[in-house]
Every structure is written in structure tokens, then in C-alpha cells.
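Examination of the molecular architecture
The residues making up each chain are set out below.
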Amino acid sequence: MNIEYLNKIKLEARNEYIPIVLDDTLEYILNLFDKKIDSILEIGTCIGYSSACFTQLLTENGKIDTMEIEDIRVQQANENLSILGVKDKINIIQGDAIDMLPTLINANKKYDFIFIDAAKGKYLEFFNYSLQLLKDSGIIIADNVLYKGMVMNGYNGHKHRTAVTKLRNYIDYITHLKGYKSEIIDIGDGISVTKRM
Ligand SMILES: C[S@@+](CC[C@H](N)C(=O)[O-])C[C@H]1O[C@@H](n2cnc3c(N)ncnc32)[C@H](O)[C@@H]1O
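Structural notes, computed from the coordinates. Residue positions are given per chain, counted from 1 along the sequence in the order it is written. Given that the model is predicted, a residue must reach a pLDDT of at least 70 before its local features are reported, and side-chain atom pairs must reach 80 or more before they are shown or counted; all residues, however, enter totals for whole chains, interfaces and linings. Excluded from the side-chain calculations are hydrogens and water; all other atoms, namely the structure's heavy atoms, are used.

A closer look at the overall build of the chain
Strands are runs of DSSP state E lasting at least two residues, helices are runs of H or I lasting at least four, and both sets are numbered from the N terminus onward. Broken down by element type, the chain carries seven helices and seven strands. Mapped in sequence order, the helices and strands of the chain form the string α-α-β-α-β-α-β-α-β-α-β-α-β-β. Our radius of gyration is a C-alpha quantity, and the globule rule it is checked against amounts to 2.2 Å times the number of residues to the power 0.38. In terms of C-alpha radius of gyration, the chain reaches 16 Å, essentially the compact-globule figure of 16 Å for 197 residues. For the chain, the C-alpha atoms occupy an extent of roughly 45 × 40 × 30 Å along the three principal directions.

Let's talk about the state of the cysteines
Should the sulfur atoms of two cysteines be covalently bonded, the bond is a disulfide. A pair of cysteine sulfur atoms is labelled a disulfide when the two atoms are within 2.5 Å. Applying the stated rule across the entire model yields zero disulfides. Take Cys 46: it sits in no disulfide, and the sulfur closest to it among the cysteines is that of Cys 53, at 13 Å.

Re helix 2 (residues 23-30)
Exposure is judged per residue with a 1.4 Å probe applied to protein chains only, and the accessible area is read against the type maximum: over 50% gives exposed, under 20% gives buried, and values in between give partly exposed. For helix 2, every residue scored as buried is listed here: Thr 25, Leu 26 and Ile 29. The buried residues of helix 2 occupy an angular sector of 100° when projected down its axis, which confines them to one face. The arc in question is the one traced by the directions running from the helix axis out to the C-beta atoms.

Take a look at the structure:
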């Protein structure tokens with residue numbers, strides 16, 4: 001991979017407040033698996049930064065499916081992934097993940113790792129679809145679940161109330177779900193890590 005270009009798009013995204021995965025969250029994920037994996041699903045491609053980084057987790061023939069709703073982001077991601085030299089490992093699925101996830105379920109797709117990193121208000125829907133797409137040994141990680149600390153600090157303001165309430169409901173749901181073990185880890189903007197028991 002073209003690391004110089006990867007650093008360039010990372011810095012540009014940070015300068016332009018484009019929300020890409022934080023360094024400590026990425027490092028955690030890249031160290032989470034004890035062997036290479038075959039299949040990754042990402043919900044929220046943005047400029048393709050995290051999916052490019054996740055190619056490090058893949059076996060030689062491993063593949064990533066990543067979903068993005070915004071045309072401009074799909075264009076940027078396509079261009080970036082080509083320049084980075086990882087386009088052959090990554091399939092960008094354009095559209096609303098809420099509509100696209102059922103098509104993967106119908107196609108009987110299964111993934112080793114599913115990364116939820118799109119509209120916070122829809123995490124619970126993304127998660128429930130993801131359960132149907134997860135291999136028995138697979139892991140679901142959702143990013144930004146602590147949302148700048150507001151989810152756990154009793155925040156009751158108006159501006160972020162809907163997102164914060166939905167993230168609290170998401171955490172409550174996944175941590176009480178029978179047959180699954182979920183941990184909330186205070187790293188980056190907070191991640192949830194879910195595995196089958
Ligand atoms: C936080 S960014 C993803 C960052 C990326 N994972 C990274 O770390 O490089 C979230 C992206 O999800 C996209 N998105 C939001 N809602 C979506 C939806 N319902 N379906 C698909 N993509 C969505 C946004 O357009 C945005 O580009």
C-alpha cells in the first residue's frame with residue numbers, strides 16, 4: 001500500500017473535519033485478531049481510509065465490502081483506494097445501508113468482522129442486520145458509541161439528545177442480548193465489541 005498517500009488523506013480528512021477512524025481505535029482493531037481474516041463488512045466508507053487500513057487484516061484472497069450513501073464520498077473512496085493500490089480487495093456498495101444490508105443477507109454473505117461506522121441514530125438497525133451476516137466466530141465493532149463522552153456523562157441537552165438517546169439504547173440492547181457478549185471500551189470516541197458466546 002502507498003503509505004505516503006494514506007498519511008496524506010488522513011491529514012487532509014483531519015484538517016477538513018471529515019470523520020475518519022481515530023488512531024487509537026484503529027490500532028486496537030488492527031491488533032484484535034490473532035490470525036488473518038477472509039471477510040470484512042464496513043458500514044460507512046467515507047473517503048476509504050479505514051477500509052484501506054483494514055486490508056492489513058486480510059488473508060491473501062480476503063475481501064472487504066463497504067457501504068456508503070453519499071455519491072461524493074463514493075467517488076473520493078474509489079479514487080483513494082485506486083491510488084493506494086488496494087482497490088482489488090475492496091468492493092464499495094453505494095446506497096443506504098438500511099436498504100443494502102438485506103441484499104447481502106439474501107445473498108447469504110457472512111463476515112469475520114463487521115465495522116459499524118455510519119449514522120449513529122441507526123446503529124440498532126445496522127446491528128440487527130449485522131447479526132445475520134456474522135460468522136459464528138465473528139466480531140462486530142461499532143465506533144463512536146460514547147459520542148464525545150455524552151452517552152455516559154448524563155448529557156441531557158437538546159442539540160444531541162436524539163443521537164445520545166439512541167446510542168444509550170444501543171448499548172443497553174447489545175449488553176443485555178442473550179447469546180452474545182458485548183464490551184464497551186473507552187478508546188477513541190468509544191467502541192462496542194460484540195461476539196457470540
Ligand atoms: C464516520 S464516516 C465513516 C468513516 C470511515 N469508516 C473511516 O474511518 O475512514 C461515516 C460515513 O457513513 C456514511 N453514511 C451515513 N449514513 C449511512 C447509511 N445509512 N448508509 C451508508 N452510509 C452511510 C456517511 O456518508 C459517512 O461518509
